[in-house]
Amino acid sequence: MRKLVVLTGAGMSAESGIKTFRDSGGLWEEYDVMEVASVMGWQKNRDLVLRFYNERRRQLARVKPNAGHVGLAELEKYFEVWIITQNVDNLHERAGSSRVIHLHGELTKARSTADPSLIYDIGYKDINPGDKCEKGSQLRPHIVWFGEPVPLMDEAARITTTANIFAIIGTSLNVYPAAGLIAYAPAETPVYLIDPGDVYLPSGRKVEVIKEKASAGVAILKEKLLRKFIEIKREE
Ligand code: APR
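To start, this report covers the structure provided alongside it. Predicted model only: the values in this text are computed from it and were never measured.

### Describing unusual backbone geometry
Right, so step 1: Here the bond from Tyr 176 into Pro 177 is cis, since omega is 5°, no more than 30 degrees from zero.
Right, so step 2: Its place among the elements puts Pro 177 in the loop between strand 7 (165-169) and strand 8 (191-194).
Right, so step 3: Phi is positive for Leu 173, close to 55°, though the residue is something other than glycine.
Right, so step 4: Along the polypeptide, Leu 173 turns up in the loop between strand 7 and strand 8.
Right, so step 5: With relative accessibility at 9%, the residue Leu 173 sits in the buried group.

Below is the structure:
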């Protein structure tokens, strides 16, 4: 009765100072997504792609988790919390969350272009042209680019099928398969959505909307869930 699964997106990290993608002033206003976040972009201009992710990795070293990340980590005292994130930053982990699945990869990791099983922790260091894996091939960001498969989606879906509570925080639900995760939550599982903006949700699903930024929204969610937790304890 106590499994909380949370799908997070770029809005989760907005208050930490990391740009979202599709809000006004978002990353995709500054860059052509297909040039910096697609296989074609990598083939066309590898150095531009490396610079794009180097800039984001350097910024990640300078920012820190916000109260929303911390609030989710604190819920681990009462629930089995799974964070399924579209974000490539490490702010959930740095806030203390212990079960984090990165559907779209991780900024702090590099991967061999010859052997995708060769993945290296690089922290906040740059990846430069000529940086090679142990098999001598160029390293690339360990990011899922548009047009690439999402290897962890099956695991994320399986985890969601046994969620007792499901929350969606800071995502426009524009990108599949991540946006389709809600469909795996059991019909009787309550769903909460935290977002200051309006998010289109598939019809037929009752969702409790908390129209707030992540920090304020997680505090409200935490209060609601702790009331639920006390009821569960009474029934046990
Ligand atoms: N707190 C919570 N939500 C916020 C905040 C905030 N402070 N600020 C903005 N938001 C919301 C926006 O209203 C929007 O619904 O966060 C969402 C951000 O949406 P996107 O920019 O589309 O980001 P996301 O949904 O994570 O994008 C999904 O697209 O480009 C790809 O791979 C990339 O993982 C990314 C995927």
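Having seen the structure, we can now continue with the description.
### Re helix 5 (residues 46-62)
Right, so step 1: The end-to-end C-alpha distance of helix 5, which contains 17 residues, comes to 25 Å, matching closely the 24 Å that a straight helix rising 1.5 Å per residue would cover.
Right, so step 2: Regarding helix 5, the residues found buried are Leu 48, Val 49, Leu 50, Phe 52, Tyr 53, Asn 54, Arg 56, Arg 57 and Leu 60.
Right, so step 3: Lining the buried residues of helix 5 we find helix 2 (27-30), helix 3 (33-36), helix 4 (39-44), helix 7 (91-95), strand 4 (105-112) and strand 6 (139-143).

### With respect to the layout of surface pockets
Right, so step 1: One number sums up the size of the second largest pocket: a volume of about 260 Å³.
Right, so step 2: Contributions of two or more residues to the lining of the second largest pocket are made by strand 3 (100-102), strand 4 and strand 6.
Right, so step 3: Taken together, the residues that form the lining of the second largest pocket break down as eight nonpolar, three polar and four charged.
Right, so step 4: When residues of the lining of the second largest pocket are assigned to domains, at least three fall in each of domain 1 (1-18 + 66-104 + 151-236) and domain 2 (19-62 + 109-143).

### Considerations on the packing of helix 6 (residues 67-74) against helix 9 (residues 214-235)
Right, so step 1: Between helix 6 and helix 9, the least distance of the axes is 7 Å, while the angle of their chain directions is 25°. By the criterion of interaxial angle, the relationship of helix 6 to helix 9 is roughly parallel. Taken as a pair, helix 6 and helix 9 cross one another with a handedness that is left-handed. Residues Ala 67, Gly 68, Gly 71, Leu 72 and Glu 74 of helix 6 form the contact with helix 9, whose participating residues are Ala 214, Ser 215, Val 218 and Lys 222.
Right, so step 2: In terms of residue class, the contact of helix 6 with helix 9 is made up of four nonpolar, three polar and two charged.

### Comments concerning the site of the ligand
Right, so step 1: If you check the shell around the ligand, you find 23 residues, and the closest are Phe 21, Arg 22, Thr 171, Ser 172 and Asp 195.
Right, so step 2: The side chain of His 104 places a nitrogen or oxygen atom 2.9 Å from an oxygen atom of the ligand.
Right, so step 3: In this structure, an oxygen atom belonging to the ligand sits 2.7 Å away from a side-chain N or O atom of Thr 171.
Right, so step 4: Alone, the ligand offers 730 Å² of accessible surface; in the complex the protein occludes 92% of this.

### Comments concerning the side chain of Thr 85
Right, so step 1: Residue position: Thr 85 is located in strand 2 (residues 80-85).
Right, so step 2: For Thr 85, the residues in contact, after removing those within four places along its chain, are Thr 8, His 92, Val 100, Ile 101, His 102, Leu 103 and His 104.

### Overview of helix 6
Right, so step 1: Taken together, the buried positions of helix 6 are Gly 68, His 69, Gly 71, Leu 72 and Ala 73.
Right, so step 2: On the buried face of helix 6, the contacting elements are strand 1 (3-8), helix 1 (11-14), strand 2, helix 7, strand 7 and helix 9.
Right, so step 3: For helix 6, the N-terminal capping position is held by Asn 66, with its side-chain oxygen 2.7 Å away from the main-chain nitrogen of Gly 68.

Cut-offs and rules
- Along each chain, the written sequence defines residue order, and numbers are assigned to residues from 1.
- This being a predicted model, a pLDDT of at least 70 is required before a residue's local features are given, and a value of 80 or more before pairs of side-chain atoms are given or counted; all residues contribute to the totals for chains, interfaces and linings.
- The basis for every side-chain value is the complete set of non-hydrogen atoms in the structure, without hydrogens or water.
- Secondary structure elements follow DSSP: runs of H or I of four or more residues count as helices, runs of E of two or more count as strands, with numbering from the N terminus.
- Burial classification: accessible surface area is computed with a 1.4 Å probe over protein chains only, and a residue below 20% of its type maximum counts as buried, one above 50% as exposed, and the rest as partly exposed.
- In this scheme, a helix's expected span is set at 1.5 Å multiplied by one less than its residue total.
- Any pair of residues with heavy atoms lying within 4.5 Å of one another is described as a contacting pair.
- Grid points spaced at 1 Å over the protein atoms alone were grouped into cavities, where a 1.4 Å probe fits but cannot get out, and pockets, open sets with protein on both sides within 12 Å along at least five of seven lines, with lining residues defined by an atom within 4 Å of a point.
- Grid points are joined across faces, edges and corners, and a volume is the space filled by probe spheres set on the points.
- Gly is placed with the polar residues, together with every amino acid not listed as nonpolar (Ala, Val, Leu, Ile, Met, Phe, Trp, Tyr, Cys and Pro) or charged (Asp, Glu, Lys and Arg).
- Domain ranges listed in this record stem from an automatic or a database domain assignment.
- Here an angle of 0 to 180 degrees is reported between the N-to-C directions of two axes, which are lines fitted to C-alpha atoms, with helices fitted over the stretch in contact.
- For classification purposes, an angle smaller than 35 degrees is called roughly parallel, one larger than 145 roughly antiparallel, one from 65 to 115 roughly perpendicular, and anything else oblique.
- Here a crossing is taken to be left-handed if its near helix is turned anticlockwise relative to the far helix by less than a right angle, and right-handed if that turn runs clockwise.
- Whether a residue is near a molecule or strand is decided by its heavy atoms; if any one of them lies within 4 Å of it, the residue is near.
- As used in this structure description, the phrase polar contact means that two N or O atoms lie within 3.5 Å; if the pair is within protein, one of them must be able to donate a hydrogen and the other to accept it, and residues adjacent in sequence are counted only when both atoms belong to side chains.
- Areas reported here follow the Shrake-Rupley algorithm with a probe of radius 1.4 Å; residue values treat only the protein chains shown as occluding.

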